[in-house]
Amino acid sequence: MAQKNTLVISSADQLLEARTRRDFLKVLGVGGVMVLLPTALAACGDNNAVTGPRPGSGNALTIDFANGDFAVLQFAYALEQLEADFYTKVVAQFGSSGLSAAEQATLADIKNHEIIHREFLKAALGSTYGFTITTTYPAVNFSSRSSVLGTAANFEDLGVAAYNGAAQYLSSTDYLTLAGKIVSVEARHASAIHDLIAPKTSAFAPKTFDDAFSPTKVAGMAQGYIVDKLAFANAPSTFVQGPNNNG
Amino acid sequence: MDQKTLYDTIDPEILTRVNARQEEISKGASINSKLAAALALGSIPVALAALTKDVFAQAPSDVLDVLQFALLLEQLEAEFYDRGVAASGLIDAGDMAIFAQIKAHEDAHVTAIQALITGKGATPNAKPTFDFTAHGAVAGFNFSAGQYETFKALAQAFEDTGVRAYKGQAPRLINDKAVLTAALTIHAVEARHASEIRRLRGLKGWITGASRDDLPAFTQGIYDGEDNVMQGGVDVSSLSLTASNGGVDAATEAFDEPLTKAQVTAIVMPFIATS
């Protein structure tokens, strides 16, 4: 049996996983030992390693809700930058990803859509409200099909929940419609990616109602991939929950 | 309100809301940004104009109308999948998990929207009698074994319509945040369904241009306008990075387009029996 008081780390990635950290604290609490297998350090320096700055370690990126609808668009812009950057990296590493030709075609389409979403928001926000985020992917292995697809599914599901939850803060019907135009495409993406992971199951649409997450909840989840420290100023004090009541 | 004066269009229900809104404002409650800007300018007429536009969008009858309209679409979908899943030999066994899930969702959407309507003190409309041959346009379709391709084509038509229908109604819900959020969470699920069925049929999960792909001509209204590239005053087909990232096709795929209630009604009417 595995020794309860020994935590084995075989990959540096594991050090960044919440579960590992929890176990680590547990192990320390009972005076156990942590074993760093050679592979944990051997991985450093290649594409799979933990590289770049830690999430949230950079400068503050503050979205001020006093800017009204522009704050919602800025929030969307941060997420679209993350998605576009992620898929750009995915496409760049198709050669070693183990993704089939059909899967690559689907992901290349999604990359195009996310870049266009990003560039659209960039144009809409202009230099007054624009900014550029720095991304980081401590737990993503771009040479692993399952890591790429799993991360993509998380991003798309999060994107859907983010737009669904932020829509209530828009006061312009034009922007509300625009958010609607984008969110359903994110949902189409989510469905397609879940279908690649678990074809012919109910995974493409696991819930009767999609989630609607508050900006605070979304920021907490997206922060794991963003170096800038996400923050809100004048954040709305109320959030109207969706049917799943989990935002 | 296009042809009438503003005064003519204000019904007592709205005036009640205006008064309620004025009370909120006098109490210093949150106000929308346009109104705040108008008040900051010290312009009462401008502030009133902003307020009037705002309350029009949140007229209770508007929200109810949207809900009854959504109910009709969900009833159409629910009956379609109920009958499809129940039909012997229609759906490929390997695809049953997909359609069982969609059926369960549409059934639950009907129940949820009925509850929202009831919660507003109104009575949900009864389900009409549907005609899934679309008055003969889908000749002979009756959920029989061997009609699976037709069933999937109709499913795609209904789901792509549903996505555009909810999107078109969202602005009318802008001041009822609970109903807006509920509608959006259904809207996204319909988009997931649409993507899955399209992919099951060998298509992309997203809509390119205004193409109905292999669907029959009578469904073209479901796709008209999907080739729009003007988004919020920005031509997304001519952004500097569009050309190297899928071009115009990707620019149209990246945005789903709304349909008006009248456009959706024209699409759905053939599926309602004339009795």
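The model shown is predicted, which means the values in this text are computed figures rather than measured ones.

So, about the overall build of chain B. Scanning chain B from N- to C-terminus turns up 10 helices and two strands. Going from N to C terminus, chain B has its helices and strands arranged as α-α-α-α-α-α-α-α-β-β-α-α. Counting only residues that meet the buried cut, chain B has 51% of its 275 residues in that class. A fraction of 73% describes how many contacts in chain B between residues 6 or more apart in sequence connect residues 24 or more apart.

Here we come to the overall build of chain A. Each helix and strand in chain A was counted, giving seven helices and four strands. When each of the 247 residues of chain A is scored for burial, the buried share is 51%. A fraction of 81% describes how many contacts in chain A between residues 6 or more apart in sequence connect residues 24 or more apart.

Taking 1.5 Å per residue, 29 residues should reach 42 Å; helix α4 (residues 101-129) of chain A reaches 39 Å between its end C-alpha atoms and fits that length. Along α4(A), the helix axis deviates most sharply at A123(A), where the bend reaches about 50°.

Attention shifts here to the pattern of salt bridges. Across all of its chains, the model carries 26 salt bridges over all chains by this definition. Between E257(B) and K181(A) there is a salt bridge whose closest N-O contact spans 2.8 Å. Placement of E257(B) in the loop between α9 (247-253) and α10 (261-268) and of K181(A) in helix α6 (residues 173-197) is noted, with the two residues assigned to different chains. Across the pair, K181(A) and E257(B) agree in class, each one buried.

This part takes up the interface of chain B and chain A. Tallying the contact residues gives 62 residues for chain B and 56 residues for chain A. A combined buried area of about 4700 Å² lies between chain B and chain A, and 63% of that area is made up of carbon and sulfur atoms. The largest contributions to the chain B side of the interface with chain A come from R192(B), R199(B) and W206(B), which together make up 16% of the buried area. The tally of links from chain B across to chain A stands at eight salt bridges. In this structure, the connection of chain B to chain A is made through 27 residue pairs in polar contact (both at pLDDT 80 or more). A total of 20 residues in the side of chain B that touches chain A trace back to one element, the largest contributor, which is helix α8 (residues 177-200) of chain B. The class makeup of the residues in the side of chain B that touches chain A is 31 nonpolar, 19 polar and 12 charged.

Before going further, it helps to examine the side chain of Q220(B). Residues and elements named next belong to chain B. Turning to its location among the elements, Q220 is positioned in the loop between α8 and β1 (230-231). There is a polar contact of 2.9 Å between the side chain of Q220 and the backbone oxygen of A210. When residues no more than four places from it in sequence are discounted, the contact partners of Q220 are A210 and R212.

To continue, consider the nonpolar core. The biggest cluster of nonpolar side chains holds 90 residues, and the ones touching the most others in it are F86(A), F120(A) and V236(B). Ranked by the residues each element gives to this core, the list is headed by helix α3 (residues 69-92) of chain A, at 12 residues. In terms of nonpolar packing, the next biggest core, distinct from the first, is built from 39 residues, L154(B), A155(B), L200(B) and I207(B) among them.

Another aspect to go through is the confidence of the model for chain A. Of the residues in chain A, 79% reach a pLDDT of 70 or more, and the chain-wide mean stands at 86. Long-range and interchain partners of residues 1-49 of chain A, a stretch whose pLDDT sits below 50, account for 52 contacts in this model, where long-range means more than four residues apart.

Looking at the secondary structure, you find S147(A) in helix α5 (residues 145-166). In this structure the side chain of S147(A) is engaged in a polar contact, spanning 2.9 Å, whose partner is the backbone nitrogen of N141(A).

This part is about the packing of helix α5 (residues 60-86) of chain B against helix α7 (residues 148-169) of chain B. Residue and element names in this part refer to chain B. Where α5 meets α7, the axes come as close as 11 Å, and the angle between the chain directions of the two elements is 165°. When the axes of α5 and α7 are compared, the pair comes out roughly antiparallel. Relative to α7, the crossing made by α5 is left-handed. Across the interface between the two elements, V66, F69, A70, L73, E74, L76, E77, F80, Y81 and G84 from α5 touch F151, L154, A155, F158, E159, A165, Y166 and Q169 from α7. Class assignment of the residues belonging to the contact of α5 with α7 gives a composition of 13 nonpolar, two polar and three charged.

Turning our attention to the packing of α6(A) against α7(B). Closest axis-to-axis distance for the α6(A)/α7(B) pair is 10 Å, and the angle between their directions is 150°. Comparing the axis directions of α6(A) and α7(B) gives the class roughly antiparallel. Here α6(A) runs over α7(B); the crossing is right-handed. Listed contacts from α7(B) to T177(A), G180(A), K181(A), S184(A) and R188(A) of α6(A) are D160(B), V163(B) and K167(B). Residues belonging to the contact of α6(A) with α7(B) are distributed by class as follows: one nonpolar, three polar and four charged.

The next point concerns the packing of aromatic side chains. Evaluated as defined, the whole model comprises 32 aromatic pairs over all chains. Between F65(A) and F232(A), the ring centres sit 5.4 Å apart and the planes meet at 65°, which makes this aromatic pair edge-to-face. Placement of F65(A) in the loop between β3 (60-64) and α3 and of F232(A) in strand β4 (residues 229-233) is noted, with a sequence separation of 167 residues between them. In this structure F65(A) comes out as buried when scored by relative accessible area, which is 12%. Taking the relative accessible area as the measure of exposure, F232(A) reaches 24% and is therefore partly exposed. Sitting above the plane of the F213(A) ring, K217(A) keeps its charged end 4.3 Å from the centroid. The aromatic ring of F69(B) is capped on one face by K261(B), whose charged end is 5.7 Å from the ring centroid.

Spanning 22 residues, α5(A) covers 31 Å between terminal C-alpha atoms, matching the ideal 32 Å at 1.5 Å per step. For α5(A), the tally of buried residues reaches 17 of 22 residues, placing the bulk of the element in the interior.

Of the residues in chain B, 79% reach a pLDDT of 70 or more, and the chain-wide mean stands at 85. Across residues 1-57 of chain B the pLDDT falls below 50, and counting only partners more than four positions away or on other chains, this stretch makes 50 contacts in the model.

A few words now on the environment of S202(A). Looking at the element boundaries, S202(A) is found in the loop between α6 and α7 (215-222). The partly exposed category is assigned to S202(A), whose relative accessible area is 31%. When the C-alpha positions of S202(A) and S191(A) are compared, they lie 9.8 Å apart, and in sequence the two are 11 residues distant. Setting aside its immediate chain neighbours within four residues, S202(A) contacts A97(B) and Q101(B).

About the criteria used
- Residues numbered from 1 in each chain as written.
- Chains lettered and ligands numbered in written order.
- Predicted model: local features only at pLDDT ≥ 70, side-chain atom pairs only at ≥ 80, totals over all residues.
- Heavy atoms only, no water.
- Helix = DSSP H or I, 4+ residues; strand = E, 2+ residues; numbered from the N terminus.
- Buried < 20%, exposed > 50% of the residue type's maximum accessible area, 1.4 Å probe, protein only.
- Contact = heavy atoms within 4.5 Å.
- Expected span 1.5 Å × (residues − 1).
- Bend = angle between axes of the 7 residues up to and from the residue.
- Salt bridge = Lys/Arg side-chain N within 4 Å of Asp/Glu carboxyl O.
- Buried area = accessible area lost by both parts, 1.4 Å probe.
- Polar contact = N/O pair within 3.5 Å; in protein donor to acceptor, adjacent residues only side chain to side chain.
- Nonpolar A, V, L, I, M, F, W, Y, C, P; charged D, E, K, R; others polar.
- Core = buried A, V, L, I, M, F, W, Y, C linked by side-chain atoms within 4.5 Å.
- pLDDT = per-residue confidence, 0-100.
- Axes fitted to C-alpha atoms, helices over the stretch in contact; angles between N-to-C directions.
- Parallel < 35°, antiparallel > 145°, perpendicular 65-115°, else oblique.
- Left-handed = near helix turned anticlockwise from the far one by under 90°.
- Phe/Tyr/Trp six-rings, centres within 6.5 Å; stacked < 30°, edge-to-face > 60°.
- Lys NZ or Arg CZ within 6 Å of the ring centre and 35° of its normal.

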